[in-house]
Amino acid sequence: MDKLSITGGFPLHGEVRVSGAKNAALPILCAAILTPEPLVLKNVPKLNDVHTMRSLLAQMGVRSEAEDDALTLSAADIDWPLAPYEMVKTMRASILALGPLLARCGEARVSLPGGCAIGLRPVDQHIKGLQAMGAEIDLDHGYIEAKAKRLSGAHFVFDMVTVTGTENLMMAATLASGRTVLDNAAREPEVVDLADCLNAMGAVISGAGTDRIVIEGVSRLSGATHAIMPDRIETGTFLVAAAATGGDVALTGTRPDTLDAVLDKLAEAGVAATIDGSTIRIKRNGRLKSVSMRTAPYPGFPTDMQAQLMALMTVADDAAMITETIFENRMMHVQELKRLGAAIEVEGNTAIVRGAQKLTAANVMATDLRASAGLVIAGLIAEGETVIDRIYHLDRGYERIEDKLSALGARICRVS
Ligand code: EPU
């Protein structure tokens, strides 16, 4: 199993290009199910999760061909509208095949995802929304068995804001008869990117990016070409890494407008960023101020940046309160950060982080994707050699992270 070795204490300097967004790419790959014509995607990140999604789609009969960062998907025929347990258990985003399969084939059999490291993560909203659109759904031996001759437009109000729930229902509604209105919808930029792709395929969707999305169903969708948006979480991770090491880094090819909450927190911490078109430059000169934060659905502070901000706060000047409101078990990095000398106490879903003068190297274990990113940042700060085990989590969501960090001057290497 691969590990990462990081020798910390060196400021990051230079320029790095941001890759396409994992959480936009995964639903958009599933959108290919909705049309028999080819869907051409650009700026597709080379990630293990994208690879897993291609394998899942291939099992259904969706062909895909990659060339550089482009991917052409072709779902001329769907042979097998099934997402088996073996795939869903390795990647929960497989649930995103449910809506498109049902809309295109009139049936789908998708394994129920289990709980995962960061929380229980039920999919009741996906199921209730499809039922509201007329689907018959049974749960059988751990599988969601869904049937509908043709889905019908409906008004559905989500009980809570769910990103993949919104995406699943939005995709299903594109081919339904009549109008679907989704209220309390997720406003994440990845939802907007998916809607843009679906509209390019001939769907009629308005309101994406607000909490009310309206979809006028059409009888068929066609092929299209779409470029995946830049990854705001990768951008944020590098911004925090630069701030943590006292560096000076420019992130190019990104979408600064999707990062307001993160940039605001960094500014509060005393780290100023300058924006020039699609480039964000971040430079830290002085001491880091402690800042408190609660995660929230977009446009609030993203839960996917919580571990990274916590790593930064371990070396700030005072105490910070970090509250996780989206997932019930997303604090597993705390124990590992403590191994590096961080002073953190957890009470319920809040961590109190007391800034220390320094962190010192240790062996640590990655527990989930974003926790791993937090540990990488802590490793870049800590004196000595930190070794991070189980980095397969990182490979799911960060493209060549060690190459990108090395190019910025980090002492980091992969150990097989
Ligand atoms: N929830 C329910 N019922 C549902 C759906 C969600 O109770 O039917 C709850 C969840 O348990 C959670 C909350 O609602 O407490 C929000 O979950 P959401 O459905 O929004 O999460 P998700 O769609 O499964 C996506 C991202 C996550 C990101 C969250 C929150 C993808 C593929 N995944 O997950 O990304 O943390 O939104 O922004 O888009 C990551 O990239 O590391 C990652 C975990």
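Scroll up to find the structure.
All figures in this text were calculated on a predicted structure; none of them were measured in a lab. (Residues numbered from 1 in each chain as written. Predicted model: local features only at pLDDT ≥ 70, side-chain atom pairs only at ≥ 80, totals over all residues. Heavy atoms only, no water.)

Looking now at the overall build of the protein. Within the protein one finds 14 helices and 24 strands. Scaling as 2.2 N^0.38, a compact globule of 416 residues should have a C-alpha radius of gyration of about 22 Å, and the protein matches this with 21 Å. Along the first, second and third principal axes, the C-alpha set of the protein runs to 65 × 45 × 40 Å. Looking at the protein as a whole, 58% of its 416 residues are labelled buried. Contacts spanning at least 24 positions in sequence make up 74% of the contacts within the protein whose residues lie at least 6 apart. (Helix = DSSP H or I, 4+ residues; strand = E, 2+ residues; numbered from the N terminus. Rg over C-alpha atoms; globule rule 2.2 N^0.38 Å. Buried < 20%, exposed > 50% of the residue type's maximum accessible area, 1.4 Å probe, protein only. Contact = heavy atoms within 4.5 Å.)

Relative to strand 21 (residues 350–354), strand 20 (residues 343–347) is paired through five bridges, and the arrangement is antiparallel. Bridge assignment links Glu-347 to a residue of strand 21, and that residue is Thr-350. Between strand 20 and the antiparallel strand that follows it, strand 21, lie two residues; Gly-348 among them carries a positive phi value of about 60°. (Pairing = 2+ DSSP bridges.)

Across the junction of Tyr-298 and Pro-299, the peptide omega takes the value 10°, indicating a cis bond. Summarising the element assignment, Pro-299 is placed in the loop between strand 18 (293–294) and helix 10 (306–313). Of note in this structure, Arg-390 is not a glycine but carries a positive phi near 60°. With a relative accessible area of 35%, Arg-390 lands in the partly exposed category. Of note in this structure, Arg-400 is not a glycine but carries a positive phi near 45°.

Here we come to the sheet that holds strand 21. Read from one edge of the open sheet, four strands run 18-19-21-20, paired in mixed fashion. The sheet is open, and its two edges are formed by strand 18 and strand 20, each paired on a single side. With two bridges joining them, strand 18 and strand 19 (residues 319–323) adopt parallel strand pairing. In the strand pairing of strand 19, Arg-294 is matched with Thr-323. Across the sheet, helix 10 touches strand 18, strand 19, strand 20 and strand 21, and the angle it forms with strand 19 is around 170°. (Axes fitted to C-alpha atoms, helices over the stretch in contact; angles between N-to-C directions.)

What follows is about a negative patch on the surface. A contiguous patch of negative charge, built from Glu-65, Glu-67, Asp-68 and Asp-69, is present on the exposed surface. In this structure, Asp-69 sits in the loop between strand 4 (63–67) and strand 5 (70–74). (Patch = residues over 30% accessible without salt bridge, like charges linked within 9 Å, V, L, I, M, F, W, Y side chains within 5 Å. Areas by Shrake-Rupley, 256 points an atom, 1.4 Å probe, with all protein chains shown as cover. Salt bridge = Lys/Arg side-chain N within 4 Å of Asp/Glu carboxyl O. Lys, Arg positive; Asp, Glu negative; His and termini not counted. Charge placed at Lys NZ, Arg CZ, Asp CG, Glu CD.)

Right, let's talk about the site of the ligand for a bit. Taken together, 21 residues sit near the ligand, with Asp-124, Thr-162, Thr-164, Asp-304 and Ile-326 positioned nearest. At 3.0 Å, a side-chain N or O of Arg-121 approaches an oxygen atom of the ligand. One of the backbone N or O atoms of Pro-122 is found 3.3 Å from a nitrogen atom in the ligand. When the ligand is considered free in solution it has 830 Å² of accessible area, and contact with the protein chains removes 87% of it. (Near = heavy atom within 4 Å. Polar contact = N/O pair within 3.5 Å; in protein donor to acceptor, adjacent residues only side chain to side chain.)

Packing of helix 8 (residues 232–245) against helix 9 (residues 260–268) leaves a shortest axis separation of 11 Å and a crossing angle of 10°. What the angle tells us is that helix 8 and helix 9 run roughly parallel. Counting all contacts with helix 8, which are made through Gly-236, Leu-239, Val-240 and Ala-243, the residues of helix 9 involved are Val-262, Leu-263 and Leu-266. Classifying every residue of the contact of helix 8 with helix 9 by side-chain character gives six nonpolar, one polar and no charged. (Parallel < 35°, antiparallel > 145°, perpendicular 65-115°, else oblique. Nonpolar A, V, L, I, M, F, W, Y, C, P; charged D, E, K, R; others polar.)

This paragraph deals with the side chain of Thr-180. Secondary-structure assignment places Thr-180 in strand 11 (residues 179–183). Looking at Thr-180, the relative accessible area reads 1%, which means it is buried. A distance of 3.5 Å separates a polar atom in the side chain of Thr-180 from the backbone nitrogen of Ala-154. With residues up to four places along the chain from it excluded, the contact list for Thr-180 reads Met-133, Gly-153, Ala-154, Ala-173, Ile-213, Val-214 and Ile-215.

We now examine helix 7 (residues 189–200). Under the 1.5 Å per step criterion, the end-to-end length of helix 7 is 17 Å for 12 residues, consistent within 8% with the ideal 16 Å. Those residues of helix 7 that sit buried are Pro-189, Glu-190, Val-191, Asp-193, Leu-194, Ala-195, Cys-197 and Leu-198. Phi turns positive, to about 105°, at Gly-202, one or two residues after helix 7. (Expected span 1.5 Å × (residues − 1).)

Turning to the packing of aromatic side chains, a few remarks are in order. Given two aromatic rings, one states the distance between the centres and the angle between the planes to describe the pair. If you walk through the whole model with that rule in mind, you get one aromatic pair. Aromatic pair Phe-156 and Phe-158: ring centres 5.1 Å apart, planes at 85°, arrangement edge-to-face. The residues Phe-156 and Phe-158 share a single accessibility class, namely buried. Positioned above the aromatic ring of Tyr-143, the side-chain terminus of Arg-109 is 4.1 Å from the ring centre. Its end group placed over the ring of Phe-10, Arg-411 keeps NZ or CZ at 3.7 Å from the ring centre. (Phe/Tyr/Trp six-rings, centres within 6.5 Å; stacked < 30°, edge-to-face > 60°. Lys NZ or Arg CZ within 6 Å of the ring centre and 35° of its normal.)

Let us now look at the environment of Arg-220. Along the chain, the position of Arg-220 falls in the loop between strand 13 (212–216) and strand 14 (224–227). The spatial distance from the C-alpha of Arg-220 to the C-alpha of Val-262 is 39 Å, given a sequence separation of 42 residues. Those residues in contact with Arg-220 that sit more than four places away from it in its chain are Pro-36, Glu-37 and Leu-175.

Now for the sheet that holds strand 7 (residues 107–111). Strands pair in a sheet through their backbones, by hydrogen bonds, and they do so in one of two ways: parallel or antiparallel. If you trace the four strands from one edge of the open sheet to the other, you get 6-7-9-8, paired in mixed fashion. Edge strands, defined here as strands with exactly one partner in the open sheet, are strand 6 (82–83) and strand 8 (136–140). Across the sheet, helix 4 (residues 98–105) lies against strand 6, strand 7 and strand 9 (143–147), angled at about 160° from strand 7, the strand it touches most.

Summarising the element assignment, Glu-188 is placed in the loop between strand 11 and helix 7. One buried charged side chain, Glu-188, makes no salt bridge at all; its nearest oppositely charged neighbour is Arg-232, positioned 4.6 Å away. Every residue in contact with Glu-188, bar those within four places of it in the chain, is listed here: Val-163, Arg-232, Pro-297 and Tyr-298.

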